[in-house]
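Observations on the model geometry
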Amino acid sequence: MKRFWKSYTIFQSLTIFAVALVVTVGLSIMLISGQQSEKALHSLADGIMVRTLENAKVNIGESIGSAVRISSILQVAIEENGGLPRERAYLRKLMLRSLLNHQNVYTVYYGNEKGEFFLVGKREREDGVTGYFAKESVIDDGVRRVTEKWMNTRGEVVAVTDLTETDTYDPRVRPWYEKAKRSGTSVWSDPYIFYITGQPGLTYAIPFEQFGEFKGVVGADLEVKTISLANLSSYTPNTQFFVADGEGRIIAHSELDKFYKLAGEKGRIPRVDDFGDTIVESIFTSHRENLRNMDLRDIRIKNKSYKTIFGEHRSAGLQFLIGLYTPYGDYLEPLRQGEKQILILSIIVIIMAVLFSMVISSALAKPFVILSRATGSVANLEFGRTISINTKYSEANVLVDNFNEMLENLNNYKVANEYLNENLREAHLDTFYRLALAAEYKDYYTAEHLNRVSALSVFIADALGMGRKDVELIKHSSAMHDVGKIGVPDNILMKPGKLTAKEYDVIKKHSEIGAKILENPSSELMEWARIVALNHHERWDGKGYPNGIAGEDIPLSGRIVAIADVMDALLSKRSYKDAFSFEKTMDIIVIERGKQFEPELVDLISKNEDRVRGILL
């Protein structure tokens, strides 16, 4: 009996030891796998939120940039015509074309000190179709006449309504007009409710002057819904986006219906405290004074944990606080549920099969070891490596399937995002070259001139050892060197004979006009274009224009485009001269070494005459 009891005790001890060992090992593996998986999911969530915020900044920057570009183009067109032109169909079609090219802009308009107003916008007609209309308020001999004209996309008028008796709109009392007039420079209005649609939004306005005297204002409207982040796909059901200005006004929110309801009830742009969103209130109150750096943090409010990201966004004179937040449970709950199911299953299996505890614990641990390794790839943004586990446990298979489905969705999001970025870049460059070509069509130059100047600039930049990025930037920015000629009157720019000193002074203004058109750039490429437009007529000896700077004080991009532009101009036929031979052109370039052109660039071209000849001829 004692022997049996002794044997039984040893067996019992071994059984208890085996159970303890299996339970300890199993729970340890599960705990480590769970921690690694949760850490990886947190890291993945951080990366997605950072990219989502950056995409939001790009989207907002595109909307804001559209309003700035349209207003600038309209300002130049009105300046060329000395104010509101007699042939208003030209201005109407220009405004319509601008709206068609920038769908996120709602309205573009011009108002002057007489109280006249000229607007082209888009809104929903009574039949529910979004159409384009022009509203004209004209004062002739003290008589005010107001008409509204509906147009098709070709600018053809399809319906006209006389509003003289009912419309009393005066642009001079509107906040955007008063602010632009008072400041004397381009401005953004505070958010307000639009007069025509009653919708909330912002206005970008530029004062128009003639001979130093204020004449009126041009501007463009952005509705809140055009810059709202609600159309961005959230990666969890409860993710919330918001944008607020420095005064606490909500500019955009993912709950757009609630936003419009509050705006309608209060008759103004809702504030942060109007929403009842305690998370947004907490973020704004705590960090409105320090928004310069992107802030990614975890917070806990009302016993619930959230992952938040927010930061400042500056664009064309505007400053916003942009942020988003999502509850932990949105992306950790599947992991929590999987852990609970596997823990229960592990305990049952261990109790029922003590002798196979090691085998079972190993089988249970395997999915999580593989999942843990897989989450490391996800943390490195490698979404194409799905996992496959051959196990009899349905819970583990469901978790793996869910994980693989998540990887597929993330990979699709990544591919779509790359496609969108490429499309945005192509659209940006297309607009860029069309603006450059518009300036060239006013002169004798052609698109071939732009291509040759660009090709020679790229050759020089590459020969100087500039990096690939800088070579690409100078390739595209060189096309904008004469964009300022848009602002030069045709009778001077296209004059066949010799220019007078006064006319030449007007021509020289195109460098400053080009820089002004490209001021407040929204991209690095636009900044390079502004520098090239301003400096491509500066001389190495300091006798150039507009600023008379010399030597290496002239930006390198300006020095490169200067010599490329002159060489192609010498080789081209103009109304005032025949095309020079390549040999005579080279003689002139060499003579100007150290005078008009940088010596190193002249030497580089001289050493590569055959290459240069092939580029330009």
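As a reminder, the structure under discussion sits directly above these lines.
To keep things clear, this report deals only with the structure shown in the data block. Just so it is clear, the structure is predicted and the values come from calculations on it, not from any experiment.

Another aspect to go through is the overall build of the protein chain. Each helix and strand counted, the protein chain has 20 helices and 14 strands in total. Considering only contacts in the protein chain between residues 6 or more positions apart, those separated by 24 or more positions represent 58%.

Attention shifts here to empty space enclosed by the protein. Applying the stated criterion to the full structure yields four cavities of 30 Å³ or more. In this structure, the largest cavity occupies an estimated 120 Å³ of space. Lining the largest cavity are 14 residues, with Leu119, Tyr169, Tyr195, Ile196 and Asp221 positioned closest to its centre. Broken down by secondary-structure element, the contributors of at least two residues to the lining of the largest cavity are β1 (107-112) and β2 (117-124). Class assignment for the residues of the lining of the largest cavity results in 10 nonpolar, one polar and three charged. In this structure, the second largest cavity encloses a volume near 40 Å³. Looking at the second largest cavity, the residues that line it are Glu538, Arg539, Trp540, Ile554, Arg559, Ala562, Ile563, Gln596, Phe597 and Glu598.

Evaluation of the coordinates by the stated rule reveals 25 salt bridges. Notably, a salt bridge pairs Lys179 with Asp190, separated by 3.9 Å at the nearest N-O pair. Separated by 11 residues along the polypeptide, Lys179 in helix α3 (residues 175-183) and Asp190 in the loop between β6 (187-188) and β7 (192-193) bring together distant segments of the chain. Assessed through its relative accessible area of 27%, Lys179 is described here as partly exposed.

With that out of the way, let us pick up the packing of aromatic side chains. A complete count under the given rule lists 11 aromatic pairs for this structure. Centroid distance Tyr109 to Trp176: 4.6 Å. Interplanar angle 40°. Geometry classified as tilted. In this pair, Tyr109 is assigned in strand β1 and Trp176 in helix α3, connecting sequence segments 67 residues apart. Accessibility expressed as a relative area gives 2% for Trp176, which makes it buried. Ring geometry for Tyr504 against Tyr545: centres 6.4 Å apart, planes inclined by 85°, an arrangement best described as edge-to-face. With a gap of 41 residues between them, Tyr504 in helix α14 (residues 501-508) and Tyr545 in the loop between α16 (524-535) and α17 (556-571) connect regions that are remote in the sequence. The structure contains a cluster of three or more aromatic residues connected by ring pairs, namely Tyr109, Phe117, Tyr169, Trp176, Tyr177 and Phe214. Sitting over the face of the ring of Phe580, Lys584 holds its NZ or CZ atom 4.2 Å from the ring centroid.

As a further point, take the pairing of strand β4 (residues 143-151). Two elements, strand β3 (residues 130-140) and β4, share nine bridges in a ladder whose sense is antiparallel. Following the sheet pairing, Tyr132 is matched in β4 by Met151. Linkage of β3 to β4, two consecutive antiparallel strands, is achieved through a turn of two residues, within which Asp141 is found at a positive phi near 55°. In terms of strand pairing, β4 meets strand β5 (residues 157-162) through five bridges, oriented antiparallel. Paired with Trp150 across the strands is Ala159, a residue of β5. From the end of β4 to the start of β5, which pair antiparallel, there are five residues, and Gly155 there has a positive phi angle of about 85°.

Right, let's talk about the pairing of strand β11 (residues 250-253) for a bit. Bridge count for strand β10 (residues 240-245) against β11 is three bridges, and the pairing is antiparallel. Note that in β11 the partner of Ala244 across the bridge is Ile250. In this structure, the hairpin formed by β10 and β11 is closed by a connection of four residues, where Gly248 is found at a positive phi of approximately 85°.

Another aspect to go through is the packing of helix α18 (residues 582-591) against helix α20 (residues 609-616). Running from amino to carboxyl end, α18 crosses α20 at an angle of 120°, the nearest separation of the two axes being 12 Å. One finds that α18 runs oblique with respect to α20. Like other packed secondary-structure pairs, α18 and α20 cross with a definite hand, here right-handed. Between α18 and α20, the residues in contact are Phe582, Glu583 and Met586 and Glu609, Val612 and Arg613, respectively.

Moving on, we come to the nonpolar core. If you look at the biggest cluster of nonpolar residues, it comprises 41 residues, and the most contacted ones within it are Ile64, Leu74, Met95, Val120, Trp188 and Phe320. Sorting elements by how many residues they give to this core places helix α1 (residues 2-80) first, with 11 residues. Ranked by size, the runner-up nonpolar core spans 28 residues in total, among them Val453, Leu456, Met567 and Val602.

All right, on to the sheet that holds β10 then. An order of β11-β10-β14-β13-β12 is seen for the five strands of this open sheet, with the pairing classed as antiparallel. Each of the sheet's edge strands pairs with one partner strand only, and the pair in question is β11 and β12 (295-301). Each strand of the sheet is rotated relative to its neighbour by a mean of 25°, with strand direction disregarded. Relative to strand β13 (residues 304-315), β12 is paired through seven bridges, and the arrangement is antiparallel. Among the inter-strand pairings, Arg297 is bridged to a residue of β13, identified as Thr308.

Turning our attention to the packing of α16 against α17. Direction vectors running N to C along α16 and α17 enclose 55°, while the axes themselves pass 8 Å from each other. With respect to α17, the axis of α16 lies oblique. By crossing handedness, the relation of α16 to α17 is classed as right-handed. For the pair α16 and α17, contact is made by Trp528, Ile531, Val532 and Asn535 and by Ser557, Gly558 and Val561, respectively. Across the contact of α16 with α17, the residue classes tally to four nonpolar, three polar and no charged.

Reading the values: the criteria
Residues numbered from 1 in each chain as written. Predicted model: local features only at pLDDT ≥ 70, side-chain atom pairs only at ≥ 80, totals over all residues. Heavy atoms only, no water. Helix = DSSP H or I, 4+ residues; strand = E, 2+ residues; numbered from the N terminus. Contact = heavy atoms within 4.5 Å. 1 Å grid on protein atoms, 1.4 Å probe; cavity = no way out; pocket = protein on both sides within 12 Å on 5 of 7 lines; lining within 4 Å. Points joined across faces, edges and corners; volume = space filled by probe spheres on them. Nonpolar A, V, L, I, M, F, W, Y, C, P; charged D, E, K, R; others polar. Salt bridge = Lys/Arg side-chain N within 4 Å of Asp/Glu carboxyl O. Buried < 20%, exposed > 50% of the residue type's maximum accessible area, 1.4 Å probe, protein only. Phe/Tyr/Trp six-rings, centres within 6.5 Å; stacked < 30°, edge-to-face > 60°. Lys NZ or Arg CZ within 6 Å of the ring centre and 35° of its normal. Pairing = 2+ DSSP bridges. Axes fitted to C-alpha atoms, helices over the stretch in contact; angles between N-to-C directions. Parallel < 35°, antiparallel > 145°, perpendicular 65-115°, else oblique. Left-handed = near helix turned anticlockwise from the far one by under 90°. Core = buried A, V, L, I, M, F, W, Y, C linked by side-chain atoms within 4.5 Å.

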